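# Fold and contact review
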Amino acid sequence: MNKNDFPILREMVYGKPLVYLDNAATTQKPQVVLDAITNAYTHFNANIHRGVHKLSQTATVEHEAARAKVASLIGAKSPNEVVFTKGTTDSINALAISFGEYAVNEGDNIIVSAVEHHSNIVPWQMLCQRKKAQLRVIPLTNDLSLDLDAYKQMLDQRTKLVSVAHVSNVLGTINPVREIIETAHSHGVPVCVDGAQSVPHMRLNVQDLNCDFLAFSAHKMYGPTGIGVLYGKEDWLVKLPPAEGGGEMIEHVSWEKTTYNTLPYKFEAGTPDFNGSYAFGKATDYITSIGWETIETHERNLVAETQQAMRHIHLNGCRLHIYAEQQPKIGTFSFNAYNHNGALIHPFDIGTLLDRQGVAVRTGHHCAEPLINLLGVPGTVRVSFALYNDENDIRIFANALEKALTMLG
Ligand code: PMP
């Protein structure tokens, strides 16, 4: 589907056509996004806001139009709720600083889950260290889903925030964020959703989900690197202090006192990535033109068909283990292989042999070391999809894996 829109997918690696299955790390960009970057720098590159000249005004209009497109993509009530950041990591760090300053004190606790990416662990660990607060972790059940009973037990009067991944970047499993949010809200606790691996793959409506905050990155959804979003309900963003000081986020500055800008600028210190936002807006147009239903169905099928294809390859005495195999997944799944003696074949070895056949997958801990430690392996092989992957990619991947196992088994 739409492979021709992505020039990089015509590249050859080691003389083989590129099969790109590392989309959870970053996606490739369609021609419309590449053109947008060139257009912006070629025709209306000027610093935004407060510029009286034509170029600055055009850049400002485009930047704000992009914000409105992103707001509409996630169903935000208003573009004021969309804060542009550098990406998911930056969004969560900003929230940890701002929310931490506003609400967290000694003896309080923050809840995350066992499947988090480091970006949704370390900022909270740092906050807990600063404030002498406690980080609590929702454990997993045997089938690698979140233990919601344990979660309900750990919420108490000192819980200040719950921050959870919507979709695991290792397993591809979809966490029950709706239930997590309802439970937290019944205790008066707000919830931040790490949407890095969900926003690119599914229709997500923040008002319907009722999350208080949502973090995601443009580069994982066909947009440019260096820009992302911290969505926050307006009520929260009005109350919270800015995480960073500098230009753009101020109303007035004097030696005695500085007052802050209105939303969302209060949270956007310094020159924003206005050309990046323009290109991000074009990426959202691209997604909308294809439609979420088409994307979701296609990507769910890709995961199911790849797992199915792996069941039919000649294993040469090896064994394959797909994590959370029976659970619904979106965009991503992980596996490991064991040789005829039952010993783990190192994921790097599989990744390297796949690469030599033109197939790009990711191996290692995927920035989720606590989860990988829990799985008791040094890493996994992760296969992750985007809307341009197709059955031919699956066929090439399955053949390449079969060959790799023949060599390593
Ligand atoms: N959270 C999750 C679930 C992720 O998959 C990623 C990216 N791998 C991040 C956070 C961090 O995203 P970024 O590097 O774009 O800030």
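Our structure is the block above this text.
First, a word on scope: everything that follows refers to the structure included in this document. Along every chain, residues carry numbers that run from 1 in the direction the sequence is written. Residues qualify for local features only when their pLDDT is at least 70, as the model is predicted, and side-chain atom pairs are given and counted only at 80 or more; totals for whole chains, interfaces and linings, by contrast, use all residues. Calculation of side-chain values draws on the structure's entire complement of heavy atoms; hydrogens and water are dropped beforehand.

## Digging into the site of the ligand
Nearness of a residue to a molecule or strand requires only that one of the residue's heavy atoms be within 4 Å of it. Every residue close to the ligand is listed here: T88, T89, H117, S119, N169, D194, A196, Q197, S217, H219 and K220. Here a nitrogen atom of the ligand sits 3.2 Å away from a polar atom, N or O, in the side chain of H117. Polar contact is the term for a pair of N or O atoms within 3.5 Å; when the atoms are in protein, one must be able to donate a hydrogen and the other to accept it, and sequence-neighboring residues count only if both atoms are side-chain atoms. Contact between the ligand and H219: an oxygen atom at 2.7 Å from a side-chain N or O atom of the residue.

## Overview of the packing of helix α10 (residues 292-311) against helix α13 (residues 391-408)
For helices, the fitted axis covers only the stretch in contact; all axes are lines through C-alpha atoms, and the angles between them, taken along N-to-C directions, range from 0 to 180 degrees. Here a strand is any run of E in DSSP of at least two residues, a helix any run of H or I of at least four, and the numbering for each starts at the N terminus. Packing of α10 against α13 leaves a shortest axis separation of 10 Å and a crossing angle of 30°. Compared by their axis directions, α10 and α13 come out roughly parallel. In this structure, α10 crosses over α13, and the sense of that crossing is right-handed. Together, L302, E305, T306, A309 and M310 of α10 and E391, I394, F397, A398 and L401 of α13 make up the contact between the two elements. Each residue belonging to the contact of α10 with α13 can be placed in one class, and the counts come to seven nonpolar, one polar and two charged. In what follows, roughly perpendicular refers to angles from 65 to 115 degrees, roughly parallel to angles under 35, roughly antiparallel to angles over 145, and oblique to any angle outside these ranges. In this scheme the crossing of two helices becomes right-handed for a clockwise turn of the near helix relative to the far one and left-handed for an anticlockwise turn of less than a right angle. Contacts were defined at the residue level, with two residues in contact if any of their heavy atoms lie within 4.5 Å. Amino acid classes used here: Ala, Val, Leu, Ile, Met, Phe, Trp, Tyr, Cys and Pro are nonpolar; Asp, Glu, Lys and Arg are charged; the rest, including Gly, are polar.

## Section: the pairing of strand β10 (residues 228-232)
Throughout, exposure labels follow a simple rule: accessible area from a 1.4 Å probe, protein chains only, divided by the maximum for the residue type, with under 20% read as buried, over 50% as exposed, and the rest as partly exposed. Counting buried residues in β10 gives five out of five residues, a clear majority hidden from the surface. Neither face of β10 is open: one carries G228, L230 and G232, the other V229 and Y231, and all of them are buried. For strand β4 (residues 82-85) and β10, the ladder comprises four bridges, and the chain directions are antiparallel. Bridge pairing in β10 places T85 opposite G228. Two strands are counted as paired when DSSP detects at least two bridges linking them. Bridging between strand β9 (residues 213-217) and β10 involves five bridges; their strand directions are antiparallel. Note that in β10 the partner of A215 across the bridge is L230.

## Section: the side chain of D212
Among the structural elements, D212 can be located in the loop between α7 (206-209) and β9. Polar contacts involving the side chain of D212 include one to the side chain of H185, which spans 2.7 Å. Leave out the neighbours within four places in its chain, and D212 touches H185, P190, V191, Y231, G232, K233 and W236.

## Comments concerning the packing of aromatic side chains
When the centres of two rings from Phe, Tyr and Trp lie within 6.5 Å, Trp using its six-membered ring, the rings pair. Their planes under 30 degrees apart give stacked, over 60 give edge-to-face, and anything left gives tilted. Following the criterion strictly, the structure yields 12 aromatic pairs and no others. Here F213 and W236 contribute two aromatic rings whose centre-to-centre distance is 5.9 Å and whose plane-to-plane angle is 50°, an arrangement assigned as tilted. Highlighted residues: F213 in strand β9 and W236 in helix α8 (residues 234-239), separated in sequence by 23 residues. Residue F213 is classed as buried on the basis of its relative accessible area of 0%. Seen in terms of ring centroids, Y222 and Y388 are 6.1 Å apart; in terms of plane orientation they differ by 75°. Their pairing is edge-to-face. Taken together, the residues span a long stretch of sequence, with Y222 in the loop between β9 and β10 and Y388 in the loop between β18 (380-384) and α13 at a distance of 166 residues. Each member of the pair Y222 and Y388 is classed as buried.

## Some thoughts on the nonpolar core
Buried residues of nine kinds, namely Ala, Val, Leu, Ile, Met, Phe, Trp, Tyr and Cys, make up a nonpolar core once their side-chain atoms join them within 4.5 Å. The biggest cluster of nonpolar side chains holds 71 residues, and the ones touching the most others in it are I74, Y151, V162, L214, F216 and F280. Broken down by element, this core gets its largest block of residues, seven residues, from helix α9 (residues 274-290). Among all residues touching Y151, those that are not within four sequence positions of it are I111, I138, V162, I180, T183 and A184. If you look at the next biggest cluster of nonpolar residues, it comprises 26 residues, including L21, M310, I313 and I350.

## Some thoughts on the environment of P200
Tracing the backbone shows P200 in the loop between β8 (191-194) and α7. Classification of P200 as buried rests on a relative accessible area of 3%. P200 sits 209 residues away from G409 along the chain, and the two C-alpha atoms are 36 Å apart. Excluding residues that lie within four positions of it along the chain, P200 makes contacts with G195, K220, M221 and W292.

## What about the packing of helix α3 (residues 88-103) against helix α4 (residues 122-131)?
Taken N-terminus to C-terminus, the directions of α3 and α4 make an angle of 25°; their axes are 9 Å apart at the nearest point. Viewed along their axes, α3 and α4 adopt a mutual orientation that is roughly parallel. Between α3 and α4 the crossing geometry is right-handed. Across from I92, N93, L95, A96, I97, G100 and E101 in α3, the residues of α4 making contact are P123, W124, L127, R130 and K131.

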